[in-house]
Amino acid sequence: MNLTLHVWRQPGPGAEGRMETYQATDITDDMSFLEMLDVVNEGLTRQGIEPIAFDHDCREGICGTCSQVINGIAHGPDEGVTVCQLHMRRFKDGDAIYIEPWRARAFPVFKDLIVDRGAFDRIIQSGGYVSVHTGGVPDGNAMPVPKPAADEAMDAAECIGCGACVAACPNASAMLFVGAKVSHLARLPQGAAEAAKRVRAMVKAMDGAGFGNCTNHYECEKACPKGIKVKFITKLNREYAKLLKEEV
Ligand code: SF4
Ligand code: FES
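Given the structure is predicted, the values throughout are model-derived calculations rather than measurements.

1. Observations concerning the site of ligand 1
The local shell around ligand 1 holds 13 residues, among which Cys159, Cys162, Gly163, Cys165 and Cys224 are the closest. Put simply, the parts of the chain that give the shell around ligand 1 at least two residues each are α4 (164-168) and α5 (175-186).

Have a look at this one:
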């Protein structure tokens, strides 16, 4: 199939950007969206035009780097998949496709479709860990974890830190991401000891990075490729409320 691509091009951080139009020709159904961009980039390189910069790593839905807004939807039109898992069979011959980077003040554009998601790293650095003694590995059975807690922690731990929740939210809120990280650790006995310190630090880092607040649009849940539910935002709020109560 042949497609018309309208792609955001921006030479660097803070530089002026614009939509440019390219033709994607001889694209097959079984190509992934990123493979389609690879083909387009080979053509641009042959013509002496700088290829479109886009982020990717695993190409199997794990690393969360392939952040693109396709036809106005974070990660494109298929639910529950990242851009690297989106296939060209989802489009038809003659389609026009609009491709843009995540749009959020806390995720400034590096170049073309690549954004700086360092704000997420800083939130994790602030408290997204458990402190453990180094040395011998403790027996896995020494600390029993109730099955419902293990299940909920696993659900929250599915977050791959892609940032689609931020890109989809009209407030550019990171509360689904932070809620998933806070819940995943607070639900386990290993993480419970530092729960109060963690939620305080992560919320502070989130606010400091310039993310907006949640006003219940639920767009984050819809855009999330890993099915992270907004109930984890509730859990984040509960953990924060517990902290405030402890301080009174
Ligand atoms: S909550 Fe979902 S959309 Fe947000 S960063 Fe995690 S995986 Fe991506
Ligand atoms: S390239 Fe890793 S999730 Fe898409």
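Back to the text.
2. What to know about the packing of helix α7 (residues 195-208) against helix α9 (residues 231-247)
Where α7 meets α9, the closest approach of the two axes is 9 Å, and the angle between their N-to-C directions is 110°. Considering their axes alone, α7 and α9 lie roughly perpendicular with respect to each other. Of the two elements, α7 crosses α9, and the hand of that crossing is left-handed. On α9, the residues that touch Ala195, Ala196, Val199, Arg200 and Val203 of α7 are Leu236, Glu239, Tyr240, Leu243, Glu246 and Glu247. In the contact of α7 with α9, the residues fall into seven nonpolar, no polar and four charged.

3. A short note on the pattern of salt bridges
One pass over the structure, following the stated rule, counts 15 salt bridges. For Lys222, the salt bridge is made with Glu79, and the minimal N-O distance between the two is 2.3 Å. Residue Lys222 is located in helix α8 (residues 219-223), and its partner Glu79 is located in the loop between β4 (73-74) and β5 (96-100); the two are separated by 143 residues in the primary sequence. For the salt bridge of Arg103 with Glu100, the shortest nitrogen-to-oxygen distance reads 3.1 Å. Residue class for Glu100 comes out partly exposed when judged on its relative accessible area of 22%. Here the salt bridges do not stand alone but share partners, grouping Glu152, Arg187 and Lys231 into one network.

4. Section: the sheet that holds strand β2 (residues 18-24)
Spatially, the five strands line up as an open sheet ordered β2-β1-β5-β3-β4, and their pairing is mixed. Either end of the sheet is taken by a strand with one partner, and the two such strands are β2 and β4. The sheet contact formed by strand β3 (residues 69-70) and β4 spans two bridges and is antiparallel. From the neighbouring strand, Val69 faces β4, where its bridge partner is Ala74. Strands in contact with helix α1 (residues 33-46) are β1 (3-9), β2, β3 and β5; relative to β2, the strand with the most contacts, it is inclined by about 90°.

5. Quick notes on α1
Helix length check: α1, at 14 residues, gives a terminal C-alpha distance of 20 Å against a target of 20 Å (1.5 Å per residue), a fit within 8%. The complete set of buried residues in α1 reads Phe33, Leu34, Met36, Leu37, Val40, Asn41, Gly43 and Leu44. The inward-facing, buried residues of α1 contact β1, β2, β3 and β5.

6. Section: the packing of helix α3 (residues 147-157) against α5
Packing of α3 against α5 brings their axes to within 8 Å, and their N-to-C directions diverge by 150°. If you check the angle between α3 and α5, you find them roughly antiparallel. Considering how the two elements wind past one another, α3 and α5 form a crossing that is left-handed. Contacts from Ala153, Ala156 and Ala157 in α3 reach Ala180, Ser183 and His184 in α5. Of the residues belonging to the contact of α3 with α5, the class tally is four nonpolar, two polar and no charged.

Thresholds, definitions, all that
- Residues numbered from 1 in each chain as written.
- Chains lettered and ligands numbered in written order.
- Predicted model: local features only at pLDDT ≥ 70, side-chain atom pairs only at ≥ 80, totals over all residues.
- Heavy atoms only, no water.
- Near = heavy atom within 4 Å.
- Helix = DSSP H or I, 4+ residues; strand = E, 2+ residues; numbered from the N terminus.
- Axes fitted to C-alpha atoms, helices over the stretch in contact; angles between N-to-C directions.
- Parallel < 35°, antiparallel > 145°, perpendicular 65-115°, else oblique.
- Left-handed = near helix turned anticlockwise from the far one by under 90°.
- Contact = heavy atoms within 4.5 Å.
- Nonpolar A, V, L, I, M, F, W, Y, C, P; charged D, E, K, R; others polar.
- Salt bridge = Lys/Arg side-chain N within 4 Å of Asp/Glu carboxyl O.
- Buried < 20%, exposed > 50% of the residue type's maximum accessible area, 1.4 Å probe, protein only.
- Pairing = 2+ DSSP bridges.
- Expected span 1.5 Å × (residues − 1).

Remember, this is a structural readout, not a statement about activity or role.
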